Each structure stands twice: as C-alpha cells, then as structure tokens.
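A closer look at the structure
Chain by chain, the residues:
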Amino acid sequence: MSSSVKPVCSGLLRNYDFRLLLSGAAVSQVGAQVTVVALPLVAVIELDASPMEVGLLTAAETAAFLLVGLPAGAWVDRMRRLPLLIRTDVVRAVTMLSLPLAAWAGALTMAQLYVAALITGVATVFFDIAHQSYLPGLLPREQLVAGNGALETARSSAQVAGPGLGGALVQLLGAPVALLADAIGYLVSALFLRGIRAREPQPAPVVGVPLRAQVAEGLVFVLRHPILRMIACATGVANFFSAMLMAVQTVFLVRELDLPPGVLGLMLSASAVGGLAGALCAGPLARAVGQARIIWLSTVVTGPFALLWPLAGHGAAAVWFALASAAVFFGAVVYNVAQVSFRQLLCPDALLGRMNATLRFMVWGTMPLGAVLGGAVASAAGPRAAVWVCAAGFLLVPLPLLLSPLRRLRDLPAAPDADANRTLSGT
C-alpha cells in the first residue's frame with residue numbers, strides 16, 4: 001500500500017470519473033437505506049404482515065445471490081461493466097416506483113412486495129459484481145484501498161442519514177410514499193454513471209468456452225486459495241446472522257420495544273455511525289496493525305458487542321440496540337475494506353467478475369436462509385429469542401479466519417501488479 005495517505009486521497013479527489021462513481025454510489029445508497037426502514041414497515045404497518053412474512057420478504061431481497069449469483073459473474077466478464085451498472089440502476093428505479101403507485105391505487109399486496117424485492121435483488125447482484133469489478137480498472141493499485149474506503153464511507157454515511165430520513169418520511173407521508181426516495185436515488189445514480197468519461201473496451205469474445213466452464217474457473221480460483229476460502233466462510237457466517245437480524249429487527253423494535261417509525265429510523269441511523277467510523281478508520285488501522293491482521297482482529301474485537309442487541313428494552317434501554325449495532329458495524333466495515341481490497345489486488349482482471357460472483361454467491365447466498373430462519377424463530381419463540389440467536393451467531397464469525405494463514409501474517413501476501421490488469425483509459 002502507499003506509504004502516504006495524502007497523495008492517494010488527493011489523487012482520488014482529482015479523478016473526475018471516480019468522483020462520479022462515488023457520487024452515484026452515495027445517492028443510491030441513501031435511497032436504499034430509506035427502503036431498509038420503509039419496505040418492512042409497509043409490510044408490518046400497511047399489510048399487517050406476520051414475523052414469518054417479513055422474514056420471507058427479507059429472503060426475497062437476497063435470494064437472487066443463490067439463484068443467479070454464480071453465472072452472473074461469467075456474464076459480467078463478457079460485458080462492458082459501466083453500461084451494465086447504468087441499466088441495473090434503471091431497473092431498480094422502475095421496480096421501486098411500482099410500489100407507491102400500487103399503494104395509491106389501493107392494489108398493493110405482499111405478493112407484489114415479494115416480486116419487487118426479488119427483481120431488485122437480481123439487479124443488485126449484477127450491479128454489485130460489476131461495481132467491484134469496475135473499480136480496479138478505474139484506479140491504480142496504490143489507490144484501491146483508499147477508493148474502497150471512500151465507497152464504504154459513502155455507504156456508511158448513507159446508513160447514518162438514510163434510516164432517519166426513511167423513518168421521518170414514513171411518519172410524515174406513509175411507508176409506501178417513502179419508497180419514492182429509493183427510486184429517485186437509483187435514477188440519479190444512473191445519471192452520474194452516464195457522465196463517466198473513461199473508455200471501457202469491449203471484452204474479447206469468448207469462443208468455444210461454455211458458460212459452465214467459465215463459472216467453474218472462478219469457483220476453483222476462490223476455493224483453492226486458502227485465504228479467500230476462509231474469508232468466504234467467515235463472511236458467509238456473518239451475513240447469515242445479519243440476515244436473521246434484518247428479518248426480525250423491525251418486528252422487534254416496533255412490537256417488542258414499541259418504537260414509532262421516526263424513532264426506529266433514528267435508532268438505525270445512530271447504529272450506522274459505527275459503520276461510518278469504521279470506513280474512516282479502516283486505512284489507518286490497517287497500517288497500524290497490519291493489512292492481514294486487521295481482517296481477523298476487527299471481528300474478534302467487535303463481535304461480542306452483538307450480545308447487547310437482545311438486552312435492549314423500553315425507553316432508554318433501547319439504546320443498547322444502537323450501541324451494539326454501532327460496534328458490530330464498525331468492525332464489519334473495517335473488515336470489508338481490508339478483504340475486498342485484497343481480493344481486487346489478487347485477481348487478474350479477466351477473472352474479477354467471476355471471482356466476485358463466486359464470493360458473492362458464497363457469502364450472500366446464506367442471507368435468504370438466515371432471513372427465513374429468523375422469521376421462523378420469531379414466529380415460534382418471539383422476536384427477542386430470534387435476536388438472541390443472531391447475537392450468539394456473531395461470536396462464530398472469527399473462527400474461520402483464526403484457522404486460516406491470516407492468523408500468522410501481519411500483512412497480506414504479495415499480489416500480482418494490478419496495474420498490469422487495468423482495462424480503462426482516460427483516468
């Protein structure tokens with residue numbers, strides 16, 4: 001990594017195309033975080049959904065990683081990534097716009113929520129894989145950690161502002177209307193992306209190689225690498241229990257703690273402050289304790305704070321939920337910046353889409369399973385019992401990392417020169 005932070009950061013600020021990429025990510029993330037509050041509230045308040053129905057809704061949002069996660073990587077590697085990012089933003093905008101329109105017509109149902117969540121999820125699979133695969137061609141190697149940190153800062157800032165905005169919009173205008181913010185965010189993101197000037201060449205056509213073989217190449221690349229394999233295991237466990245929490249947190253906060261929508265949004269915004277702090281601290285922490293060591297240390301130190309989630313109660317005691325989330329999100333963002341940067345440096349450009357898709361399939365594919373289990377536990381034993389299971393599960397996250405070569409390393413192994421893999425010009 002670069003030995004000087006200021007030149008890297010100033011280089012990022014001078015990069016016009018990266019500024020547009022970052023701006024698009026920021027505005028779309030604000031809208032998406034509004035939906036984190038508004039979509040389950042539509043189900044709970046407008047349609048009187050049960051805990052199991054809310055769990056299935058969360059599962060529908062992430063099921064696409066199981067359905068199309070692996071082949072999506074091979075498809076992304078056959079396409080120019082920037083046009084794909086723009087198209088998926090437009091698809092998500094139109095899908096989210098359909099929900100308030102149906103609500104105004106008095107025709108909104110749980111079935112439409114499930115379909116919208118699934119369509120948005122499929123578009124998000126392609127967007128996320130293309131986004132992570134696009135960045136290494138836009139920035140030189142020495143700026144990747146700073147670039148990922150900037151994108152995580154935008155995402156974490158959205159997690160601070162978005163839920164509070166979402167809660168306020170729900171309280172003032174109703175949950176369906178609040179979903180308009182998400183649709184607008186995706187449209188504005190598409191406009192920013194259209195302004196990027198870097199020329200991205202069309203990938204070389206793949207002749208005589210079946211899609212299955214290409215998918216297998218990405219899968220083998222991940223499974224044969226001892227560090228990537230354990231990162232996938234740890235992240236999959238974390239996402240499984242995160243999805244459990246997402247499936248039950250709205251029911252828990254509204255029906256167990258009696259929080260109104262506005263306070264619920266502020267609660268989630270307050271918890272996201274930890275994520276923002278993690279994004280800002282990821283680079284300095286990696287330099288201080290080591291790029292490899294910070295990957296496992298971040299989960300060991302912050303995971304136990306999850307035990308505060310189920311201790312939250314009425315009134316002032318609800319703050320335990322926000323404090324726990326702040327600490328866990330801090331560790332999660334530090335972890336993500338470090339391990340995503342390593343993956344991007346390690347992988348050849350031609351395999352980036354498939355590598356990212358394989359990791360996404362493995363680590364996000366656990367989420368619909370966790371969401372369904374969360375809904376089932378909440379229905380059978382109550383939301384608080386489900387939150388206890390989530391909290392206990394986070395204690396397991398560091399185990400695969402501690403059993404990997406990362407435990408014996410301070411810094412990450414030398415990776416191939418990423419500049420040799422750059423595919424874009426004009427940056």
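Scope of this entry: the structure provided in the associated data block.

Conventions used here
Residues numbered from 1 in each chain as written. Predicted model: local features only at pLDDT ≥ 70, side-chain atom pairs only at ≥ 80, totals over all residues. Heavy atoms only, no water. Helix = DSSP H or I, 4+ residues; strand = E, 2+ residues; numbered from the N terminus. Expected span 1.5 Å × (residues − 1). Bend = angle between axes of the 7 residues up to and from the residue. Buried < 20%, exposed > 50% of the residue type's maximum accessible area, 1.4 Å probe, protein only. Axes fitted to C-alpha atoms, helices over the stretch in contact; angles between N-to-C directions. Parallel < 35°, antiparallel > 145°, perpendicular 65-115°, else oblique. Left-handed = near helix turned anticlockwise from the far one by under 90°. Contact = heavy atoms within 4.5 Å. Phe/Tyr/Trp six-rings, centres within 6.5 Å; stacked < 30°, edge-to-face > 60°. Salt bridge = Lys/Arg side-chain N within 4 Å of Asp/Glu carboxyl O.

Moving on: helix 12 (residues 226-256). For helix 12, built from 31 residues, the straight-helix expectation of 45 Å at 1.5 Å per residue is met to within 8% by its first-to-last C-alpha distance of 43 Å. Of all the bends in helix 12, the greatest, near 45°, is centred on valine 248. Within helix 12, 22 of the 31 residues are buried, which leaves it mostly tucked inside the rest of the structure. Downstream of helix 12 by a residue or two, aspartate 258 has a phi angle that is positive, lying close to 60°.

Running from N to C, helix 12 and helix 15 (residues 319-346) cross one another at 150°; their axes reach a closest spacing of 12 Å. For the element pair helix 12 / helix 15, the angle class is roughly antiparallel. Crossing angle aside, the handedness with which helix 12 passes helix 15 is left-handed. Contact with helix 12, carried on its side by Ile227, Leu228, Ile231, Ala234, Thr235, Leu245, Gln249, Phe252 and Leu253, involves Phe321, Tyr335, Gln339, Phe342, Arg343 and Leu346 of helix 15 and no other residues of that element.

We now examine the packing of aromatic side chains. Within this structure, the stated rule accounts for four aromatic pairs. The interplanar angle of 80° and the centroid separation of 5.0 Å between the aromatic rings of phenylalanine 240 and phenylalanine 241 together place this pair among those described as edge-to-face. As far as the burial class goes, phenylalanine 240 and phenylalanine 241 line up, both buried. Each ring, one from tryptophan 309 and one from phenylalanine 321, has its centre 6.4 Å from the other, and the planes form 40°; the classification is tilted. You can see tryptophan 309 sitting in the loop between helix 14 (293-302) and helix 15 and its partner phenylalanine 321 sitting in helix 15, a full 12 residues away along the chain. Residue classification places tryptophan 309 among the buried residues on the basis of a relative accessible area of 1%. A connected cluster of aromatic rings, assembled from ring pairs, spans Phe252, Trp309, Phe321 and Phe394.

By the element assignment, histidine 131 lies in helix 7 (residues 110-138). Those residues in contact with histidine 131 that lie beyond four places of it in its chain are Leu21, Leu85 and Leu151.

Applying the stated criterion to the full structure yields two salt bridges. Here arginine 92 ties to aspartate 89 by a salt bridge, and the two come within 2.8 Å at their closest N and O atoms. Of this pair, arginine 92 and aspartate 89 both sit in helix 6 (residues 81-104), separated by three residues, roughly a single helical turn. Residue class for arginine 92 comes out buried when judged on its relative accessible area of 5%.

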